[in-house]
Amino acid sequence: MIGEIVDAVGLALKEAFGNNYKVYTEETGKGMDAPCFFVFCSAPRNTRISNQKYFRSNTFCIQYIPSTVNIRAECNEVIERLFECLEYIKVDSFLLRGRKMESEIKDGVLYFFLNYDFFVYKKEETEAMGTLTRSIEVKGQVNDGCKEKNCGE
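First, a word on what this report is: a plain description of the structure on this page. Only a predicted model underlies this, so the values are computations on that prediction, with no experimental measurement involved.

1. Regarding the overall build of the protein chain
- When you go through the protein chain residue by residue, the secondary structure sums to two helices and eight strands.
- Residues counted as buried form 31% of the 153 residues belonging to the protein chain.
- Of all intrachain contacts in the protein chain linking residues separated by at least 6 positions in sequence, the fraction that spans at least 24 positions is 54%.
- Summed over all atoms, the accessible surface of the protein chain reaches about 11,000 Å², with 47% contributed by carbon and sulfur.

Written out as C-alpha cells, the structure reads:
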C-alpha cells in the first residue's frame, strides 16, 4: 500500500506542478535536476486495535529542491501549493486525506511532512468446523434433528 500512496503523491505533484518539475521516488545516485521533488515514506507504523483491526499511520516526506536564488520565496510558494494538491489523493478507487501537514526549510531544501492514515481489517483464514448434530426434547418427545415426517418412529 505504501508504494501505491507514493505513486498517488507523485501523480498529484505532476498534475499540480506540471512537467517542468521532476518527481523522484528512488535515489538516482546522480544529481537531481532542480526544480524537483523527492517522495518517500519516512515512518510507517502499524498499531493493532482489536483482533482483526489495525491502524496504519504513514508519515511521508516530500523534499523540494528549488531552482532559483530566491529560495525562501520559491519554497513558500511551493508550500501553499502542496497544502492544496496533497490534501486528498486517489489510491485505487478511494480517496486518502493528508493530515498533520507541516514544513521546514533547511539548507536550501524544503521538507514537507504529512500523514496518510487508515484502518486495515485482516480476515483470518479459518477451517470450517465439522458437522454439528443436536438433539432436543420437546414435551417428552426426543427430536434428534431429523427433518423427515415420522422419522423418530
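2. Quick look at helix α1 (residues 2-17)
- The end-to-end C-alpha distance of α1, which contains 16 residues, comes to 22 Å, matching closely the 22 Å that a straight helix rising 1.5 Å per residue would cover.
- Of the residues making up α1, those classed as buried are Ile5, Val6, Ala8, Val9, Gly10, Ala12, Leu13 and Phe17.

3. Side note on the sheet that holds strand β6 (residues 109-121)
- Read from one edge to the other, the open sheet built from six strands follows the order β1-β2-β3-β6-β5-β4, with strand pairing classed as mixed. Sheet topology places β1 (22-24) and β4 (88-91) at the edges, where each strand pairs with a single neighbour. On average, adjacent strands in this sheet sit at an angle of 30° to one another, irrespective of strand direction.
- Looking at chain direction, strand β3 (residues 53-65) and β6 are connected through 12 bridges and run antiparallel. Looking across to β6, one finds that Phe60 is bridged to Leu114.
- Contacts between α1 and the sheet are confined to β1, β2 (36-48), β3, β4, β5 (94-106) and β6, with β4 contributing the most and set at about 125° to the helix.
- Strand contacts of helix α2 (residues 71-85): β2, β3, β4, β5 and β6, with the helix running at about 15° to β6, the strand carrying the most contacts.

4. Details of α2
- The end-to-end C-alpha distance of α2, which contains 15 residues, comes to 21 Å, matching closely the 21 Å that a straight helix rising 1.5 Å per residue would cover.
- Every buried residue belonging to α2 is among Glu74, Cys75, Val78, Ile79, Leu82 and Cys85, and all of these are buried. Burial along α2 is one-sided: seen end-on, the buried residues are contained in an arc of 145°. Facing away from the buried surface of α2 by more than 90 degrees, the exposed residues are Arg72, Ala73, Glu77, Glu80 and Glu84.
- Against α1, β2, β3, β4, β5 and β6 lie the buried residues of α2.

5. A few points about the pattern of salt bridges
- Using the criterion set out here, one finds two salt bridges in the structure.
- With its nearest N and O atoms 4.0 Å apart, the salt bridge here joins Glu77 to Arg81. Placement of the pair is Glu77 and Arg81 together in helix α2, with a separation of four residues, close to one helical turn.
- Close ionic contact of Glu87 with Arg97 constitutes a salt bridge, the shortest N to O distance being 3.4 Å. With Glu87 in the loop between α2 and β4 and Arg97 in strand β5, this residue pair connects regions lying 10 residues apart in the sequence.
- Assessed through its relative accessible area of 28%, Glu87 is described here as partly exposed.
- Residue classification places Arg97 among the partly exposed residues on the basis of a relative accessible area of 45%.

What counts, and where the lines are drawn
Residues numbered from 1 in each chain as written. Predicted model: local features only at pLDDT ≥ 70, side-chain atom pairs only at ≥ 80, totals over all residues. Heavy atoms only, no water. Helix = DSSP H or I, 4+ residues; strand = E, 2+ residues; numbered from the N terminus. Buried < 20%, exposed > 50% of the residue type's maximum accessible area, 1.4 Å probe, protein only. Contact = heavy atoms within 4.5 Å. Areas by Shrake-Rupley, 256 points an atom, 1.4 Å probe, with all protein chains shown as cover. Expected span 1.5 Å × (residues − 1). Pairing = 2+ DSSP bridges. Axes fitted to C-alpha atoms, helices over the stretch in contact; angles between N-to-C directions. Arc of directions from axis to C-beta. Salt bridge = Lys/Arg side-chain N within 4 Å of Asp/Glu carboxyl O.

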